[in-house]
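Examination of the molecular architecture
What follows is the residue order along each chain.
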Amino acid sequence: MLRRPMQLRNVRLASLAHELPTEAVTSAALEERLGPLYERLGLRVGRLELMTGIAERRRFAPGTLPSAISAAAGRQALQLAFERAAISPESLGLLVHSSVCRDFLEPATASVVHANLGLPKSCAAFDLSNACLGFVNSIRVAGAMIDSGQIEAALVTAGENGAPLVDATVADLLARDVDRAELKRAFASLTIGSGGAAAVLVHERLAPEAPRILGGATLAATEHVGLCQGDLQHGAGGPLMQTDSEALLHAGCTLAAETYPHFLQAVGWGAEDIDRVITHQVGVAHRRALLGALKIDASLDFPTVEFLGNVGSVSLPATLSLALDAGRVTAPHRVALLGIGSGLHCSMLGLDFGPERA
């Protein structure tokens, strides 16, 4: 039972931006690379897209660092915040780099982003990584610091480069005598894409007309910690990950259904008050199952997984940013951000694009 729902009173979303690579890698192209394995197992090209609904995912140039992606998105978000509300980098009290991907274990990748953006010494910086929920968790942390008066503004960034995982997975599958079951556990790794996102959060006195971040709810089901695990050791030239996608789908939807009423209570909404939802996107079947479990009309969602793949912590904020650009989210929409990450954790946030309502 959540005794203290996470509520924010004075936090606004001053800006949101995304950074996407131009190169697209189709599922068919990945399967062509797996040709010898497919031939041995008697499989046809098209299986990956059929199972996941993902036609393509994006890829940065080799050697692109997570900090560079994060900084590029952060630069865009800062420019938008300045144009909309004259919020300058000097106002920032915190920078959080929230990706799964980092440049190295030490120091924090946020330090590199901080330097690349030329942020002031008064702006603290750290990494906050929690699988696909890093960005949402960072909004909660930064929002609480703003609400409590510790800082006036914060920049949350994320930069995911999934290409090394995809390439290492292909190489590993071709190097070993894997069976269909092992291939199935590796399929989730082949859905991973690349991209960046950033948001500027501020106290409402700095941007009183910007969308409100209301708070939300988070629950954990860590008995499912083994359903998706990335290997800290590198194999076949890069990181590797094993995922029980079917079990993860069912456990994630169960946890989301448990979290949802706590979320509605925290933000003071009924289910009928939600105008749009933005989900962390893993695959078409996962998205359909999540919306079904929460009894949410699929027309309220904004799907991007078909052409972005699963972009880790970037998926949810980049999807919201794309929805804003497309005019799918606008005032006076109430928007539910629905995040699920391996571990297993579920975190949901509410955004009110106003005007203020009684």
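Up top is the structure.
Let me sum up the structure you'll find in this document.

Moving on to the overall build of the chain. A tally of helices and strands in the chain yields twelve helices and 14 strands. Relative to its length of 358 residues, the chain is compact, with a C-alpha radius of gyration of 20 Å against a globular reference of 21 Å. By its C-alpha atoms, the chain is 65 × 45 × 35 Å across when sized along the principal axes. For the chain, the residues scored as buried account for 56% of the 358 residues in total. Intrachain contacts of the chain at a sequence separation of at least 6 include 79% that bridge at least 24 residues.

Inspection of the entire model under this criterion finds twelve salt bridges. Ionic pairing is found between Arg-205 and Glu-152, a salt bridge with its closest N-O pair at 3.3 Å. Of the two residues, Arg-205 sits in the loop between strand S8 (195–203) and strand S9 (212–220) while Glu-152 sits in the loop between helix H6 (134–147) and strand S7 (153–160), which places them 53 residues apart along the sequence. You can call Glu-152 partly exposed: its relative accessible area is 34%.

The next thing to look at is the packing of helix H4 (residues 66–85) against helix H5 (residues 109–117). Relative orientation of the contacting elements H4 and H5 amounts to 50°, with a least axis distance of 9 Å. Put simply, H4 runs oblique to H5. Where H4 crosses over H5, the two elements pack in a sense that is right-handed. Only Thr-109, Val-112, Val-113, Asn-116 and Leu-117 of H5 make contact with H4, whose side of the interface consists of Ser-67, Ser-70, Ala-71, Gly-74, Arg-75 and Leu-78. Broken down by class, the residue content of the contact of H4 with H5 amounts to five nonpolar, five polar and one charged.

It is worth spelling out the environment of Gln-229 at this point. As for its position among the elements, Gln-229 is in strand S10 (residues 228–235). Gln-229 gets classed as partly exposed once you look at its relative accessible area, which sits at 44%. Setting aside chain neighbours within four positions, we find Gln-229 in contact with Leu-240, Met-241 and Gln-242. At 3.3 Å, the side chain of Gln-229 and the backbone oxygen of Val-225 are in polar contact.

Bringing the packing of aromatic side chains into the picture now. For the structure shown, the criterion picks out two aromatic pairs. Here Tyr-260 and Phe-263 contribute two aromatic rings whose centre-to-centre distance is 6.3 Å and whose plane-to-plane angle is 25°, an arrangement assigned as stacked. With Tyr-260 and Phe-263 both in helix H9 (residues 245–267), this residue pair falls three residues apart, about one helical turn. Overall, the relative accessible area of 8% leaves Tyr-260 in the buried class. Seen in terms of ring centroids, Phe-263 and Trp-269 are 5.9 Å apart; in terms of plane orientation they differ by 85°. Their pairing is edge-to-face. An aromatic cluster of three or more residues is present, and its members are Tyr-260, Phe-263 and Trp-269.

What follows deals with H4. A rise of 1.5 Å per residue sets the reference length of H4, with its 20 residues, at 28 Å; its end C-alpha atoms lie 28 Å apart and thus fit the reference within 8%. What H4 keeps buried is the set Pro-66, Ser-67, Ile-69, Ser-70, Ala-71, Ala-72, Ala-73, Gly-74, Ala-77, Leu-78 and Ala-81. At its buried positions, H4 is contacted by strand S2 (11–19), strand S5 (92–97), H5, S7 and S8. A positive phi of about 55° marks Ala-86, the residue just after H4.

When you tally the buried positions in S2, you get eight out of nine residues, the bulk of the element. Relative to S8, S2 runs antiparallel, the two sharing eight bridges. Within the sheet, the bridge partner assigned to Val-11 lies in S8 and is His-203.

Before going further, it helps to spend a moment on helix H7 (residues 163–175). The first and last C-alpha atoms of H7 sit 18 Å apart over 13 residues, in line with the 18 Å expected at 1.5 Å per residue. Of all the positions in H7, only Ala-163, Leu-165, Val-166, Ala-168, Thr-169, Val-170, Asp-172 and Leu-173 are classed as buried.

Below, the discussion takes up the side chain of Gln-281. Here Gln-281 shows up in the loop between strand S12 (276–279) and helix H10 (284–293). At a separation of 3.0 Å, a polar atom in the side chain of Gln-281 contacts the main-chain carbonyl oxygen of Phe-302. One polar contact links the side chain of Gln-281 to the main-chain amide nitrogen of Thr-304, over a distance of 2.9 Å.

Each value, and the rule that gives it
- Residues numbered from 1 in each chain as written.
- Predicted model: local features only at pLDDT ≥ 70, side-chain atom pairs only at ≥ 80, totals over all residues.
- Heavy atoms only, no water.
- Helix = DSSP H or I, 4+ residues; strand = E, 2+ residues; numbered from the N terminus.
- Rg over C-alpha atoms; globule rule 2.2 N^0.38 Å.
- Buried < 20%, exposed > 50% of the residue type's maximum accessible area, 1.4 Å probe, protein only.
- Contact = heavy atoms within 4.5 Å.
- Salt bridge = Lys/Arg side-chain N within 4 Å of Asp/Glu carboxyl O.
- Axes fitted to C-alpha atoms, helices over the stretch in contact; angles between N-to-C directions.
- Parallel < 35°, antiparallel > 145°, perpendicular 65-115°, else oblique.
- Left-handed = near helix turned anticlockwise from the far one by under 90°.
- Nonpolar A, V, L, I, M, F, W, Y, C, P; charged D, E, K, R; others polar.
- Polar contact = N/O pair within 3.5 Å; in protein donor to acceptor, adjacent residues only side chain to side chain.
- Phe/Tyr/Trp six-rings, centres within 6.5 Å; stacked < 30°, edge-to-face > 60°.
- Expected span 1.5 Å × (residues − 1).
- Pairing = 2+ DSSP bridges.

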